[in-house]
Amino acid sequence: MKKTLAICSLALLLGACAQTPTSLPAASDSAAMTTATPVSLDTRTLAAYDWHLTDSQDAQGRAIAALGAKTGSPVRLTFSDQAIQVLGGCNTQFGAYALTSGSLQVRGLAGTMKACAPDLMQRDRAMADLLSGPLTAQIGGQPGDPSLSLTTQTGKVLRFAGTPTPETLTGSQGKTEFLEIAPQTVACSHPLIPDHRCLSVRERRYSDAGVLAPAAGPWRPLYESIQGYTHQDGQKAILRVKRYDWKKPPADASSILYVLDLIVQQGR
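Scope of this entry: the structure provided in the associated data block. Quick caveat, the model's predicted, so the values are computed rather than measured. (Residues numbered from 1 in each chain as written. Predicted model: local features only at pLDDT ≥ 70, side-chain atom pairs only at ≥ 80, totals over all residues. Heavy atoms only, no water.)

## Remarks on the environment of Ser-225
Condition: Put simply, DSSP H or I for four residues or longer makes a helix, DSSP E for two residues or longer makes a strand, and each gets a number counted from the N terminus.
Checked against the element boundaries, Ser-225 lands in the loop between strand S12 (220-222) and strand S13 (226-227). With 32 residues separating them in the primary sequence, Ser-225 and Leu-257 have C-alpha atoms 7.9 Å apart.

Spelled out as structure tokens, the structure:
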């Protein structure tokens, strides 16, 4: 039986849920990533990285318990030129933000409406409360390894580590594609790995109304991995992925980067 996992409505399958910035610094050049020039606090920098929560403290220096849920992934912030997303709790929260003179103000924060484990829902509420007022924002580190600190007016502190987004790494904007994954992997050649096996995939398309069109293309081995996706033998799937073409590919690596955007269907 197929399981359908959807964050957006089926009619929105042709587009990603989140916006991406229109202009990002290319980080595929190793010299650019290791320059001694400090990173600057601006919307361009915020949008160039995924920000993972590494530490949280209340005004007395104690860890904020609600953010340490035992289940789920750590809290993560992503930015575009005008929008912010909060992930890692039960629901995806999203809103607008303004950055002025070291102050970050989040406006109109809303979220999806799933029900989850109580600790994840508590994490959602805690993040919404922490982001509800003006925040003093400070950035540090170097390009490729920046840090972000957000302090509330009551002295609570959130600290984040930045990881370059796929756009930043590759220097290109992603193209949305749909890939059907066959239940079994296939033998494929690899210069360094004997008896290597690849995913077997074919492209799929959806109409503007979100209706899956009949398969037209052939199955082919996918020599690249799909970041964020773990295949289980015997399970088929349809994935919405972002394909990025490296402007400066790493040595001895593929010129294409695939990143999972959404598992549309999965099952046996």
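Now, onward.
## Re the pairing of strand S8 (residues 157-164)
Both faces of the sheet carry side chains from a regular strand, because those side chains alternate between them. Applied cut-off: Should DSSP find at least two bridges between two strands, the strands are regarded as paired.
Of the pairings in the sheet, the one linking strand S1 (residues 49-57) to S8 comprises 8 bridges and is antiparallel in character. Counted as the bridge partner of Leu-53 is Phe-160 from S8. Examined bridge by bridge, strand S7 (residues 145-151) and S8 share 5 bridges and lie antiparallel to one another. When the bridges of S8 are listed, Ser-147 appears paired with Ala-161. The antiparallel pairing of S7 with S8 creates a hairpin that spans 5 residues between the two strands, and Gly-155 there sits at a positive phi of about 90°.

## Let's talk about the sheet that holds strand S6 (residues 135-142)
Two pairing modes exist for strands in a sheet, parallel and antiparallel, and in both the strands are linked by backbone hydrogen bonds. Just so we agree on the cut-off: Axis geometry follows a simple rule: fit a line to the C-alpha atoms, using only the stretch in contact for helices, then measure angles between N-to-C directions, giving values from 0 to 180 degrees.
Pairing in this closed barrel of 8 strands is antiparallel, and the strands run S1-S2-S3-S4-S5-S6-S7-S8 around the ring. Averaged over all pairs of adjacent strands, the angle between strand axes in this sheet comes to 35°, irrespective of strand direction. Pairing of S6 with S7, which is carried by 7 bridges, proceeds in the antiparallel orientation. For Gln-138, the partnering residue across the bridge sits in S7 and is Ser-149.

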